[in-house]
Structure formats: structure tokens, C-alpha cells
Amino acid sequence: VGKKVQAIYVWWHKPVIDQELLQSLPNLKVIANSGVGMDHLDLKLIASFGVKMANAPRAVSSCTADTGMALLLASARRVVEVHNIAVSPNMEYCEADTLGVKVAGAALGIIGMGNIGYKIALRAKAFEMNILYHNRTRRKAQEEQAVGATYCEKIDSLLQQADFVMVVVSLTPQTRKLIGKRELELMKPTATLINISRGAVVDQEALAVALQTGGIRAAALDVTYPEPLPRDHPLLKLKNVIITPHLGIRTDKATYMITEEAVENILAALNGLPLPNEVLPS
């Protein structure tokens, strides 16, 4: 049926789009991705076959921002750790050393102030946080004022000031291991790192060392590399880490909206119309 296929909907990185598949589908016009990240696709290879590509940024931004804030709050108040204490069979009282850290008044540094990053800033403002951000391009003054955000031209400045650092960037050759040993050493020893972008944006080995040695207070990760981590990975053995299995977009409404957005892009391509969310190779 290869000649009949005109569109592919990629769900959770499946099917794998490689040269062999593209060669077998001579009438393919569009590939629609479920989600915003496109790092699992070879955009230049796909474009060389004359195939258009689209993602689903509108559907995922709010629920991914919710995930980021959920991880921030859970880490700050040590929710997973104290839950395990509360349900343990020998629970008598909560130990004094389970104190969390205050969120209101703390500085949140957002690395990547796109659609998702800005929605995180809106949520953080409601929690009375002081917002810093680093982005390739600075937001408009009125957008900064709306959330009370301060722009950090250099990422180092953000890392040195923030109590919570949230990474919300796409995975590219430039952002791979964006947060490494040097960056972790710039962070406060009381700071928390939250990653909701892609696992490879953070050097996990350097992160494990920083968490073990008190370089930073804690980490909360919705993404790792690989997913899932090997069961003997050092990050899985630490109490000051929360790891969730890439939950960012996994809500009932978001899943439905992603599919709607993909269908909208596919129909546009098949009818020769501009794609609402076309992604071009860089």
C-alpha cells in the first residue's frame, strides 16, 4: 500500500522515519508529530524527499507547564519522600529532617521562554515567585511586565541567582548537555534543577555527582536519557531526586487536542494549503 500513503501521524516516536521508509512512500506529502519536540526526526532527510513536517505546539504547552510546576512543588515540599514515610508500616510521626523549602518569594530561573516557558512564568507569578529567564531572543517589555520577569542575557547570571532552575528548551546540537558540570557548579547549593525538555539537555552523570555531594539541593526530572533509565543508574538511588516517565503531555484532553492538531495539519497539506504548524529544517 506504499503508493497510497500520503500522510504519517507519528505518535510517541513511532513509526521510525528513516530513508528506507521514505523511499517506500513515493506519494507521502506530510508527517505530523504528536507533540512539539522534533529531535527524533531527521528534518533535512525528510525535506529532501519533498515531505512537509508539522508539530502540535498549541496542544501541549499548558499541560507541559502544569507538569513543570507540579515537579517544582513536589520537589520543594518533598512530596514523594514524605508520602513514602506516611504510608510506611512503622510510621509514628514525621521526622524533623523532612522540612521542605518555601516557594513563595523564591527565584525561579526559566531557561527557554517560548510558549511553554511563558506559561510556566504565568503559573509561577501566581505562586509569588521572582522570575528570571534566559532565551535566545528577549521577550517584549509588556510580556516581561505581565509576569514580572527579569531577562538574563547570560545563562550564568540566571544559574547563580535562581533557587529553582527549570529547563524548557528544544534538544538541538547547541543545547545537548547545556547543563553540565560547569553550570551545576554555578548554581546555589540550595537550588533545585527541574528538566521538562529532553533528557540529553542535562549531563546526567554530572547531575548525579552534584546531588550526591551537595552541589545542589535536589532535582526533578520528567525526561531522562534513555527513557527509562537503566535500573542501576545512580539517579534512581537518590532521595533528593524525583523522576517521572515523560508525563508532560499525558492528559486526556491534551491527547485529544494533539490528534486534532495533527489532523488539521495533515488536511492542510493534502489540500495544498499552508500548514498551521509547519516545521522547517534549520
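The name recorded for the protein chain in an unreviewed UniProt entry is Glyoxylate reductase/hydroxypyruvate reductase, from Ptilonorhynchus violaceus. Looking at the protein chain in UniProt, the text filed under Sequence similarities (unreviewed entry) is "Belongs to the D-isomer specific 2-hydroxyacid dehydrogenase family."

Student: I tried to follow the packing of helix α3 (residues 57-76) against helix α10 (residues 252-270) on my own but got confused; where do I start?
Tutor: Helix-helix packing: each pair is described by the crossing angle between the helix axes and the interaxial distance. Where α3 meets α10, the axes come as close as 8 Å, and the angle between the chain directions of the two elements is 160 degrees. If you check the angle between α3 and α10, you find them roughly antiparallel. Of the residues in α10, those in contact with Pro-57, Arg-58, Ala-59, Val-60 and Cys-63 of α3 are Ala-254, Met-257, Ile-258, Glu-261 and Glu-264. Split into classes, the residues belonging to the contact of α3 with α10 amount to seven nonpolar, no polar and three charged.

Student: Before we go on, may I ask you to explain the pattern of salt bridges in this structure?
Tutor: Here the idea is simple: oppositely charged side chains can pair when their charged atoms come close. What the rule picks out here adds up to eleven salt bridges. Put simply, Arg-139 and Glu-143 hold a salt bridge, and the shortest N to O gap is 3.4 Å. By relative accessible area, Glu-143 is classed as partly exposed at 23%. In this structure, Glu-185 and Lys-181 form a salt bridge, with 2.7 Å as the shortest nitrogen-oxygen distance.

Student: Before we go on, may I ask you to explain the pairing of strand β8 (residues 192-195) in this structure?
Tutor: With burial as the criterion, each face of β8 is covered, one bearing Thr-192 and Ile-194 and the other bearing Leu-193 and Asn-195. Relative to β8, strand β7 (residues 164-167) runs parallel, the two being bridged by four bridges. By the bridge assignment for β8, Phe-164 is matched with Thr-192. Regarding topology, helix α8 (residues 181-186) serves as the crossover connection from β7 to the parallel β8, and that connection is right-handed. Summarising the sheet, β8 and strand β9 (residues 218-221) pair through four bridges and their orientation is parallel. Paired with Ile-194 across the bridge in β9 is Ala-220. This β-α-β element, β8 to helix α9 (residues 204-213) to β9, shows right-handed connectivity.

Student: Which parts of the structure should I look at to understand the packing of aromatic side chains?
Tutor: Enumeration according to the criterion identifies two aromatic pairs in this entry. Plain terms: the ring middles of Tyr-133 and Tyr-151 are 5.2 Å apart, the flat faces sit at 50 degrees to each other, and that makes the pair tilted. Note that Tyr-133 is positioned in strand β5 (residues 130-134) and Tyr-151 in strand β6 (residues 149-151), a separation of 18 residues in sequence. Comparing Tyr-133 with Tyr-151, the two get one shared label, buried. Geometry around Trp-12 places Arg-250 over its ring, the cationic atom sitting 4.5 Å from the centre.

What counts, and where the lines are drawn
Residues numbered from 1 in each chain as written. Predicted model: local features only at pLDDT ≥ 70, side-chain atom pairs only at ≥ 80, totals over all residues. Heavy atoms only, no water. UniProt positions renumbered as here; feature names shortened; annotations may be inferred. Axes fitted to C-alpha atoms, helices over the stretch in contact; angles between N-to-C directions. Helix = DSSP H or I, 4+ residues; strand = E, 2+ residues; numbered from the N terminus. Parallel < 35°, antiparallel > 145°, perpendicular 65-115°, else oblique. Contact = heavy atoms within 4.5 Å. Nonpolar A, V, L, I, M, F, W, Y, C, P; charged D, E, K, R; others polar. Salt bridge = Lys/Arg side-chain N within 4 Å of Asp/Glu carboxyl O. Buried < 20%, exposed > 50% of the residue type's maximum accessible area, 1.4 Å probe, protein only. Pairing = 2+ DSSP bridges. Right-handed = clockwise from strand over helix to strand, strands pointing away. Phe/Tyr/Trp six-rings, centres within 6.5 Å; stacked < 30°, edge-to-face > 60°. Lys NZ or Arg CZ within 6 Å of the ring centre and 35° of its normal.

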